[in-house]
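# Topology and contacts: notes
As a plain string of letters, each chain reads:
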Amino acid sequence: MHTRLLHNDPQGIATAAAILRAGGLVAFGTETVYGLGADAGNDTAVAAIYAAKGRPGINPLISHFASADAAFAQVAATPLARRLAERFWPGPLTMVLPRAAHCGISPIATAGLPTAAVRVPAGDATQALLAACGFPVVAPSANPSGRVSPSDAQHVLAGLDGRIDAVLDCGPCRVGVESTIIGLGGDTPVLLRPGGITLEALEDACGMTLALPARGNDVRPSAPGQLSSHYAPGLPVRLEATAVEPDEALLAFGPPLPGSGLSWNLSATGDLHEAAARLFAGLRFLDMEGHRRGLVRIAVQHVPEHGLGRAIRDRLIRAASPRA
């Protein structure tokens, strides 16, 4: 299969929509990361995403919609869900809610669960594509399963060239980490995955403290991003580094550790928004260049666990976890 690179213009968007309508796979940029899209109601197309990524079938997908009304037509929306949608959509928030009786999302996309993950993404190109399709689009990150998420079109091609139909080049992703996922099926909202909307902002909007699930669910994940090992480069990752060894690359945050050779600074000024936007590109650069130089590991400096730091730390902890 030849993977086409489509320009972010009316013709490129129309071509991408036509491919999706025909059951093909198209990667496209959102405000978070690049997603690998397919028609959410087409079982064959959804199954093709799992095959192209090598993604475990137990790991559910997020369905993307052009509007909150379209999303809530597929799930049993609660008053809290509608309030969160008014505040955060379009944007990097995913809600997990019970499937509606007439839900048209493929059971393959929901991994057979009685719930569905829905979101309305931001970005002119993403919104234009969803509007041109006229149906929900499932779109996990456009990379081989478990590896570093893509934040530009070339990252997608590096991992999936020849395995998908096309990539719609929407430029670099603004947020740089995946959406926050909140579970709204019970009495207490649950933070299922930290992401582009901070825990603090969510709790303020909900008017209550969110429950936090145990880290890592490799048996029956209720949402994407819960597997213990995820977002991983080829080189092993060592967290909370206070010194860097000669055979290590350094992922820095703030003033870099002395003696570092190959390094990538998430943010020299300690800006967590800048750090999130640079995270996946940095891991990819250090992995590729570290391999070229014969290095054996990526050392990571401390990132604080507040604001977007919670999402950054979540990705780094999973990147450092033992791999199957």
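Now for a quick tour of the structure. Since this is a predicted model, take the numbers as computed values, not measurements. (Residues numbered from 1 in each chain as written. Predicted model: local features only at pLDDT ≥ 70, side-chain atom pairs only at ≥ 80, totals over all residues. Heavy atoms only, no water.)

### Section: the state of the cysteines
- With the rule as written, the count across this model stands at zero disulfides.
- Free of any disulfide, Cys103 has its nearest neighbouring cysteine sulfur in Cys133, separated by 17 Å.
- Here Cys103 falls in the buried class, since its relative accessible area comes to 12%.
- Looking at Cys133, it has no disulfide partner, and the nearest cysteine sulfur is the one in Cys170, 12 Å off.
- On the basis of relative accessible area, Cys133 is assigned to the buried category, the value being 8%. (Disulfide = S-S within 2.5 Å. Buried < 20%, exposed > 50% of the residue type's maximum accessible area, 1.4 Å probe, protein only.)

### Quick notes on the side chain of Glu178
- Residue placement: Glu178 occurs in the loop between strand S8 (166–169) and strand S9 (180–183).
- At 3.0 Å, the side chain of Glu178 and the side chain of Arg315 are in polar contact. (Helix = DSSP H or I, 4+ residues; strand = E, 2+ residues; numbered from the N terminus. Polar contact = N/O pair within 3.5 Å; in protein donor to acceptor, adjacent residues only side chain to side chain.)

### Looking at the sheet that holds strand S14 (residues 297–300)
- Taken together, the four strands give an open sheet; going across it, the order is S11-S14-S12-S13, and neighbouring strands pair in parallel fashion. Looking at which strands have only one partner, the edges of the open sheet turn out to be strand S11 (237–238) and strand S13 (263–265).
- One ladder, built from four bridges, connects strand S12 (residues 248–252) with S14; its direction is parallel. Across the sheet, residue Glu248 finds its bridge partner in S14, namely Arg297. (Pairing = 2+ DSSP bridges.)

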